[in-house]
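Per-entry structural report
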Amino acid sequence: MEKTQIIEEIKKLKKERNAIILAHTYQNVEIDEVADFSGDSLYLSQQAAKTDADIIVFAGVYFMAETAKILSPDKKVLLPRLESGCLMADMINLQQLREFKAKNQNIPVVCYVNSTAEVKSECDICCTSANAVNVVRSLGTKEVLFVPDTYLGTYVGTQLPDVKVITYPGYCPTHLRIKPEDIIQKKQVYPDAMVLAHPECHKEVTKLADFVGSTTAIIKKAKESDKKEFIIVTEKGVVDRLKRDCPDKEFILVSQKAICPNMKWNTLEDILNSLQNDTYEINVDPQIAKKAISTIDRMVNINA
Ligand code: 13P
Ligand code: SF4
């Protein structure tokens with residue numbers, strides 16, 4: 001089938017089935033042509049919480065679809081490709097979380113949304129890269145445990161010097177492939193460029209950035225800036241969207257290694273297939289969902 005035909009077919013099915021498509025900014029950029037909402041993890045979880053559609057097709061990774069299901073238990077949530085896991089989310093399971101908590105007792109636990117439903121169910125509050133600093137600040141404690149991303153947790157600690165952020169040693173392999181040398185080399189070629197980085201990067205990388213923020217915050221900053229050149233220090237999907245939206249500016253991907261393979265599984269064909277055959281329905285054990293929802297709700301309410 002031609003691409004335009006696939007797009008038409010997806011749009012038709014969306015209407016017929018009262019479905020919406022949510023697309024993360026790291027997805028293949030063509031997915032935006034059928035998406036109802038595209039953006040960062042926080043924005044997409046807010047949309048998942050308030051939609052009145054019957055079906056949510058999540059063009060993203062597994063934990064995002066799981067989060068949507070927790071927030072909208074009566075809706076059908078579909079993940080077009082089951083292989084789309086998040087390597088960081090899989091770095092901590094329930095037992096590892098319990099051991100981490102046992103070593104650091106009576107300290108509130110913040111979990112990055114990039115985590116399984118089970119892990120969320122035994123944490124106190126959730127966060128995304130967009131609101132992590134606000135979430136930790138909102139707790140008002142001197143210490144917090146932060147799982148699973150040690151780099152996002154460390155970054156939060158640099159922003160809140162009065163809080164001791166004790167981090168679990170998880171990380172995003174895609175962002176860790178970006179090295180400080182990559183920025184230094186690009187800066188030699190583009191000395192005037194603004195450097196925009198995601199807080200999942202290593203701290204030696206974020207140190208070199210002019211701005212650190214979520215994928216949506218990076219896009220907003222680049223669009224609003226008077227500068228003409230930007231070195232983008234996160235996954236390639238952000239560069240693809242900026243190039244599409246701002247053809248008069250130059251966007252340089254910091255490294256060709258900054259591609260998350262799991263975010264790139266979904267194609268338009270997969271989304272069509274998902275709407276035609278209900279592939280793949282994501283469910284969460286109701287007992288776990290019940291506990292995880294309060295963790296996510298606390299975060300959504302801070303940002304409401
Ligand atoms: P956001 O910046 O969109 O929250 O996402 C980062 C990420 O790695 C999602 O998997
Ligand atoms: Fe997970 Fe990193 Fe891929 Fe995001 S970019 S889905 S954190 S592996």
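Before reading on, note that the structure itself is shown above.
Residues numbered from 1 in each chain as written. Chains lettered and ligands numbered in written order. Predicted model: local features only at pLDDT ≥ 70, side-chain atom pairs only at ≥ 80, totals over all residues. Heavy atoms only, no water.

**Observations regarding the layout of surface pockets**
When its volume is computed, the largest pocket comes out at roughly 180 Å³. If you go around the largest pocket, you meet 15 residues; those closest to its centre are Ser 129, Ala 130, Val 133, Tyr 155 and Val 212. Counting only elements with at least two residues in the lining of the largest pocket, the list comes to α6 (132–139) and α7 (150–159). If you tally residues by element for the lining of the largest pocket, the top one is α7, at four residues. Residues belonging to the lining of the largest pocket are distributed by class as follows: nine nonpolar, six polar and no charged. (1 Å grid on protein atoms, 1.4 Å probe; cavity = no way out; pocket = protein on both sides within 12 Å on 5 of 7 lines; lining within 4 Å. Points joined across faces, edges and corners; volume = space filled by probe spheres on them. Helix = DSSP H or I, 4+ residues; strand = E, 2+ residues; numbered from the N terminus. Nonpolar A, V, L, I, M, F, W, Y, C, P; charged D, E, K, R; others polar.)

**Considering empty space enclosed by the protein**
Counted under the stated rule, the structure contains two cavities of 30 Å³ or more. In this structure, the largest cavity spans a volume of roughly 270 Å³. If you go around the largest cavity, you meet 29 residues; those closest to its centre are Tyr 26, Cys 86, Asn 114, Glu 200 and Met 263. Those elements that provide at least two residues to the lining of the largest cavity are α2 (41–50), α3 (62–71) and α8 (173–176). Take the lining of the largest cavity: its biggest share by element is three residues, from α8. Looking at the lining of the largest cavity residue by residue, the classes come out as 14 nonpolar, twelve polar and three charged. Each pocket or cavity is described by its volume, and for the second largest cavity that value is around 50 Å³. Lining the second largest cavity, in full, are Ser 41, Leu 44, Ser 45, Phe 58, Phe 63, Met 64, Thr 67 and Val 113. Residue assignment for the lining of the second largest cavity shows that the elements contributing at least two residues are α2 and α3. The class makeup of the residues in the lining of the second largest cavity is five nonpolar, three polar and no charged.

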